[in-house]
Amino acid sequence: MKTLNIVERIEGEAKLVCNWEDEKITDAQIQFLNFRGFEYILKDKPALDALVYTPRICGICGQAHLKATAQALENIYESVNEPLYITDKAKLLREIGLNIEIIDSHIKWFYLFIMPDIAKLSKDEKYLKYEAIKGESWRKGTYAASESIKALAVFAGQWPHTSYMLPGGVMSDPTLFDIMTMQNYMDQTLHFIEKELIGDEIENYFNFNNISDFDSLNGALSDFIKLCLENDFHNLGKSYNSHIVLSKNYLFESGRIEIKNRQSVDLSLVKEEDINSFKMNEPRRDNEYTWAKTALYNDKPYETGPLSRALISNRKLIKNMHKEYNDSVLTRVMARMDELIYLVFITKKLIKQVDISQDSFIPPKLSLKDIGTATGISAVEAARGSLLHKVTLENSIIKNYDVITPSVWNLGPGINEKYGIAQKAIIGANSLEKAYIILRSFDVCSVCTTH
Amino acid sequence: MVDSQDMVKKVFTQKSARIDTNKGENYYNNLFEKAKQRLSTLKKQAPLKDIDMVDVIETEGINRRDFMKWVSGTTATLMLPPMFEPLVAEATELMNRVPVVWIELQDCAGNSEALLRSASPTVDDLLFDVLSLEFHETLQAAAGHDADRQLEDAVEHFKGQYLLFVEGAIPMANNGMYGTIGASGETFHEHLMRMSKDAAAVIAVGTCATFGGIPAAAPNPTGAVGVMDLVKGKPLINIPACPANPANMVGVILHYILTGQVPELDSLLRPKFAFGYRIHDNCERRAHFDAGEFVEEFGDDGAKNNWCLYKVGCKGPMTFNNCSIIRYNEGTNWPVGVGRGCIGCSEPDFWDKYAYQRPMAGANIKAPTGGVEKTVDEFGLGLLTATAVGIGVHAVASAVAGKKSEHNEEE
Ligand code: SF4
Ligand code: SF4
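What you see is a predicted model; the values in this text were computed from it and never measured.

Draft legend 1. Local environment of the overall build of chain B. Scanning chain B from terminus to terminus reveals 19 helices and nine strands. Burial statistics for chain B: of 411 residues in total, 59% are counted as buried. For chain B, restricting intrachain contacts to residue pairs at least 6 apart in sequence, the fraction spanning at least 24 positions comes to 76%. Counting every atom, chain B has about 15,600 Å² of accessible surface; 51% of that belongs to carbon and sulfur.

Encoded structure:
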């Protein structure tokens, strides 16, 4: 039997086509059927224009694209031996900005998408609070997210789609008052997380070793764990269990893991294939079914995102859960929430470290116009995983701009007889509802996937 | 060189394209009566949702004073005199009488994201609890076939009554193959036509839906166009900007509830209450523009002192929008506020015309007001050259103000 379903509530839409045998999914295709063509649009534009275009690839992770563009352009300076000096202040503001965006994204994903869906699998009335739009938790989650993102708007000017970074630093010069305002917003977020999400103080949370530590608590995470165990999500959603993280920051380390060995990464081994993907201006072939391409490292598929980051950075709770439940829905979702909690904690500290007396921006001695022909590359950890930008300039005009988004790693089609990451995770599920939740555990964003 | 600073002022603040904020007592009295009648008719209709605003306000702990503050802010945003405040408050309570269907086409979901964080009382209370949002792909509870069915039901049930919000452009190249939707795989174009057919009005939100936006930037690989290129014979409102300001979305809905009509629009179908004046007209850095104090380069002393961003590419003088007043994220801030300058995102083709950090003086831009801005550009260029040869900002400003001779004497 073959079924075709639409997956909504993912920022855009995806189509899920499944083959069933004995009430189990034996094959699945995830199709993304919306395409805008950013890489084509960026061609022939002045280099700095990219700073305004790429954040618009996605309404949820624009900061990540902005940072990736700024850093790719800075990498061009490095490539011609004129590295730019970026002050600590500018570095901090960039990282804080990106962190806040991830915090916002994680809160919304959990409260708007994951919990309403998984709560629907239970008849217990106490989970009604997670219902979309009407439920109290849904509303509190939305509210918390919109409050935390204000901490970003304070120094970025607006959200979504800010463009306050540029090669050489950032344009904004927050005052002491701005810094305090940001801290207040982060305190509110922390309070929400302790009260609603964990149901305990963050200091205690950092001592948790296993899911049993949530047993006596009343937060949303305890509800989530119960619902997961009831519905077998600690066994469902497993993929290759190989993980990649392309860049590092205060919380994340780069690397890749297959089975247990962490190894370093080399960006030149990343490539994108489009064997099963549609191509611009070419007639479609039978095997082509999606606008998403396939990202590979050394010709192999890898999962990217919070679970991969938690494992490579060795965060205790997730590491322990992973030993028991591997890359299941349970571990994957908990990894994202664990990351949220750490990010709020760390971002608060980073805000304190901003020294407003430093310069925000040091103008490059050379203009990109004087550089002429060069290539720059950058990797950034976005909410959904590693994001890669590669830009080639010719006579200071963009000749080629290549974007590989996290969703391309996780949600792109498989090639060479190998399934894609999410595709493999879905196979084996015994109901459509469960297949949806497995798919959602990757935090699907269709606009990013196809860009 | 033009020798009067007043010239700059005149050109940049001329009334021609601006909204007339005072239409006279008669006009407002008439509108007031009309709105009162409209609201009482709406009140008689059964609510589509049994949640009401008063309850929401109470349960959310928003006190009456805060709510009234919001009401008077919104009344002002709509450019209505204070006498309309009680009606605006009432209209808010009647939001559950007007069904809204929101569809996403070739977009980045930025407007939906922006909407999630609208002005207080938070939009969760205002829009999602009270407004009858019959369909929103990302926010609604239903998914899959249920969602499909919900959309069909809404369109059928509220034939001729619903407001259709459209987010995203429509790719027309290659028979629309760059964007399809739903299980049947209808193209975005077909979907838009079908959904708009029975809508009371269509509201294009964001620059993609209004003018094709970023997908339509050169070379427009997917043949993207805006809603107004396709939907005809129907009240159509454009709320451009990237993202559109949620305050303006709420404003349009409230206006519709109040009057049953679309608000007064400019030639690009933008509501004048929001797009009747330029960013530049109300910019907090305007005094520096007038004084000839410009940021010459990001990170310089001018930047540290919040001087005008014109020379580092601010498009405020060309851009019609109210973000210098409303700001973003519940008024937290706006791009000019953090020293970035406006990129003109509510103007057609802004991607290609106004792209980043290209000072207008060199960009050969045709002004939305026609002709006039060319003078301004040349004038701007004059300023640029003058400073470049080292006369100094102060001298230029004084010269422009017609005090040249005095100044020379001082020196
Ligand atoms: S107008 Fe801007 S925010 Fe809206 S969909 Fe287009 S790119 Fe995204
Ligand atoms: S910053 Fe821009 S909008 Fe503000 S005064 Fe200067 S040119 Fe006008």
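Draft legend 2. Main features of the overall build of chain A. A tally of helices and strands in chain A yields 17 helices and 13 strands. Taking 22 Å as the expected radius of gyration for a compact globule of 451 residues, we find that chain A reaches 21 Å, a close match to that expectation. Taken over the C-alpha atoms alone, chain A extends approximately 65 × 55 × 40 Å along its principal axes. Per-residue burial over chain A gives 67% buried out of 451 residues. Considering only contacts in chain A between residues 6 or more positions apart, those separated by 24 or more positions represent 71%.

Draft legend 3. Region of the structure containing the site of ligand 2. In the vicinity of ligand 2, the residues found are H280(B), C283(B), R285(B), R286(B), F289(B), C308(B), L309(B), Y310(B), C314(B), G316(B), P317(B) and V336(B). When the residues that make up the shell around ligand 2 are grouped by side-chain class, the tally is eight nonpolar, two polar and two charged.

Draft legend 4. Structural view of the pairing of strand β3 (residues 24–31) of chain A. Residues and elements named next belong to chain A. Both strand β2 (residues 14–21) and β3 contribute to a ladder of seven bridges, which runs antiparallel. Residue E21 lies in a different strand from β3, and its bridge partner there is K24. What sits between β2 and β3 in their antiparallel hairpin is a turn of two residues, with D22 showing a positive phi close to 45°.

Draft legend 5. Fine view of helix α11 (residues 316–325) of chain A. Residue and element names in this part refer to chain A. Restricting attention to buried positions, one finds in α11 the residues L317, I318, M321, H322 and Y325. With its buried residues spanning 130° around the axis, α11 presents them on a single face. Structurally, α11 contributes buried residues whose contacts are with α8 (202–205), β6 (242–245), α10 (306–312) and α12 (329–353).

Draft legend 6. Examining the nonpolar core more closely. Counting residues in each nonpolar core, the largest one holds 173 residues, and the members touching the most others are F110(A), L197(A) and F224(A). Those residues in contact with F224(A), other than ones at most four positions away along the chain, are F110(A), I114(A), M115(A), I118(A), L330(A), V333(A) and M334(A). Listed in part, the 45 residues of the second largest apolar core include V98(B), L115(B), I237(B) and Y277(B).

Draft legend 7. Examining the environment of D338(A) more closely. Residues and elements named next belong to chain A. By the element assignment, D338 lies in helix α12. For D338, a relative accessible area of 1% puts it in the buried group. Along the primary structure D338 and G376 are separated by 38 residues, whereas in three dimensions their C-alpha atoms are 33 Å apart. Other than its neighbours up to four places away in sequence, D338 contacts Y205, R315, L317 and I318. A polar atom in the side chain of D338 sits 2.7 Å from the side chain of R315.

Draft legend 8. Quick peek at the packing of aromatic side chains. For the structure shown, the criterion picks out 25 aromatic pairs over all chains. Taking 5.3 Å as the distance between ring centres and 70° as the angle between the ring planes, the aromatic pair formed by F278(A) and W291(A) counts as edge-to-face. One end of the pair, F278(A), is in the loop between β9 (270–273) and β10 (294–297); the other, W291(A), is in the loop between β9 and β10, and 13 residues separate them in sequence. Members of the aromatic cluster, connected to one another through ring pairs, are Y205(A), F206(A), F208(A), F214(A), Y342(A) and F345(A). The ring of Y256(B) carries R38(B) above its face, with NZ or CZ at 5.2 Å from the centroid.

Draft legend 9. Summary view of the packing of helix α4 (residues 88–119) of chain A against α12(A). Residue and element names in this part refer to chain A. One way to put it is that α4 packs onto α12 with a least axis distance of 9 Å and a crossing angle of 150°. Two packed elements cross with a definite hand, and for α4 against α12 that hand is left-handed. Of the residues in α12, those in contact with L92, E95, I96, N99, I100, I102, I103, H106, I107, W109, F110 and I114 of α4 are V333, R336, M337, E339, L340, L343, V344, T347, L350, I351 and Q353. For the contact of α4 with α12, the class distribution of residues is 16 nonpolar, four polar and three charged.

Draft legend 10. Main features of the interface of chain B and chain A. Chain B puts 67 residues into the contact, and the matching count from chain A is 72 residues. Both faces considered, chain B and chain A share a buried interface measuring about 5,900 Å² in area, 57% of it formed by carbon and sulfur atoms. Here chain B is connected to chain A by one salt bridge. Where K304(B) meets D359(A), a salt bridge forms, and the shortest distance between an N and an O atom there is 3.0 Å.

Draft legend 11. Here's a closer look at the sheet that holds strand β13 (residues 397–404) of chain A. Residues and elements named next belong to chain A. Read from one edge of the open sheet, three strands run β11-β12-β13, paired in antiparallel fashion. The open sheet terminates on both sides in strands that have one partner only, identified here as β11 (374–382) and β13. Strand-to-strand twist of the sheet, defined as the mean angle between neighbouring strand axes without regard to direction, takes the value 15°. Here β11 runs beside strand β12 (residues 385–394); their pairing, made up of nine bridges, is antiparallel. Following the sheet pairing, A382 is matched in β12 by G385.

Draft legend 12. How the structure looks around the pattern of salt bridges. Under the definition given, this model contains 36 salt bridges over all chains. A salt bridge links E272(A) to K293(A); the nearest nitrogen and oxygen atoms lie 4.0 Å apart. Taken together, the residues span a long stretch of sequence, with E272(A) in strand β9 and K293(A) in the loop between β9 and β10 at a distance of 21 residues. One salt bridge connects E152(B) with R194(B), and the closest N-O pair in it is separated by 2.9 Å. Residue E152(B) is found in helix α8 (residues 144–157), and its partner R194(B) is found in helix α9 (residues 188–197); the two are separated by 42 residues along the sequence.

Draft legend 13. Molecular detail of the sheet that holds β2(A). Residues and elements named next belong to chain A. What the three strands build is an open sheet, ordered β1-β2-β3; its pairing is antiparallel. The open sheet is flanked by β1 (2–7) and β3, the only strands paired with a single partner. Neighbour-to-neighbour, the strand axes of this sheet turn through a mean angle of 25°, independent of strand direction. Note: β1 against β2, six bridges, orientation antiparallel. Across the sheet, L4 pairs through a bridge with V17, a residue of β2. On the sheet, helix α16 (residues 432–440) packs against β1, β2 and β3 and is oriented at approximately 50° with respect to β1.

Draft legend 14. Quick look at the site of ligand 1. Neighbouring residues of ligand 1: R56(A), H161(A), D107(B), C108(B), G110(B), N111(B), G206(B), T207(B), C208(B), I214(B), C242(B) and P243(B). Looking at what sits near ligand 1, you find residues from chains A and B. Elements with a contribution of two residues or more to the shell around ligand 1: α6 (110–115) and α10 (206–211) of chain B. Top contributing element to the shell around ligand 1 by residue count: α10(B), with three residues. Looking at the shell around ligand 1 residue by residue, the class counts come to five nonpolar, five polar and two charged.

Draft legend 15. Broad picture of the environment of H65(A). Residues and elements named next belong to chain A. Residue placement: H65 occurs in helix α3 (residues 62–79). Ignoring anything within four residues of it in the chain, the contact list for H65 reads T54, P55, I57, C58, L387, H389, V403, T405 and C448. There is a polar contact of 3.1 Å between the side chain of H65 and the side chain of H389.

Basis of the calculations
In this convention, every chain numbers its residues from 1, walking through the sequence in written order. For naming, the first written chain is A and the first written ligand is 1, with later ones following in the order written. With the structure being a predicted model, the display of local features is reserved for residues of pLDDT at least 70 and the display and counting of side-chain atom pairs for 80 or more, all residues being used for whole-chain, interface and lining totals. Heavy atoms throughout the structure, all of them, feed into the side-chain values; hydrogens and water do not. Secondary structure elements are defined from DSSP: runs of H or I of at least 4 residues count as helices, runs of E of at least 2 residues count as strands, and each element is numbered from the N terminus. For the exposure calls, accessible area comes from a 1.4 Å probe over protein chains only, and a residue counts as buried if that area is under 20% of its type's maximum, exposed if over 50%, partly exposed in between. Throughout, a contact is declared for two residues whenever any of their heavy atoms are within 4.5 Å. In short, Shrake-Rupley with a 1.4 Å probe defines the accessible areas, and a residue's cover is counted only from the protein chains shown. Here the radius of gyration uses the C-alpha set of atoms, whereas the globule reference equals 2.2 Å times the residue count to the power 0.38. We call a residue near a molecule or strand as soon as one heavy atom of that residue lies within 4 Å of the molecule or strand. Any residue that is not Ala, Val, Leu, Ile, Met, Phe, Trp, Tyr, Cys, Pro, Asp, Glu, Lys or Arg is counted as polar, Gly included; the first ten are nonpolar and the last four charged. Whether two strands pair depends on DSSP finding at least two bridges between them. Of all possible arcs, the one meant is that of the directions from the helix axis to the C-beta atoms. Here the nonpolar core consists of buried residues drawn from Ala, Val, Leu, Ile, Met, Phe, Trp, Tyr and Cys, with membership extended through side-chain atoms lying within 4.5 Å. N or O atoms closer than or at 3.5 Å make up a polar contact, with two conditions inside protein: a donor-capable atom paired with an acceptor-capable one, and, for residues adjacent in sequence, both atoms drawn from side chains. Only rings of Phe, Tyr and Trp enter the pairing, Trp through its six-membered ring, and a pair is recorded when the two centres are within 6.5 Å. The plane angle decides the type: under 30 degrees is stacked, over 60 is edge-to-face, the rest tilted. Cation placement over rings: the criterion is NZ of Lys or CZ of Arg within 6 Å of the ring centroid and within 35° of the ring normal. A fitted line through C-alpha atoms serves as each axis, taken over the contacting stretch for helices, and the angle formed by two N-to-C directions is quoted from 0 to 180°. Note: crossing handedness is left-handed where the near helix turns anticlockwise from the far helix by less than a right angle, and right-handed where it turns clockwise. Buried surface area refers to the total accessible area, computed with a probe of radius 1.4 Å, that the two partners give up upon joining, counted for both partners together. By definition here, a salt bridge exists when the distance from a side-chain nitrogen of Lys or Arg to a carboxyl oxygen of Asp or Glu is within 4 Å.

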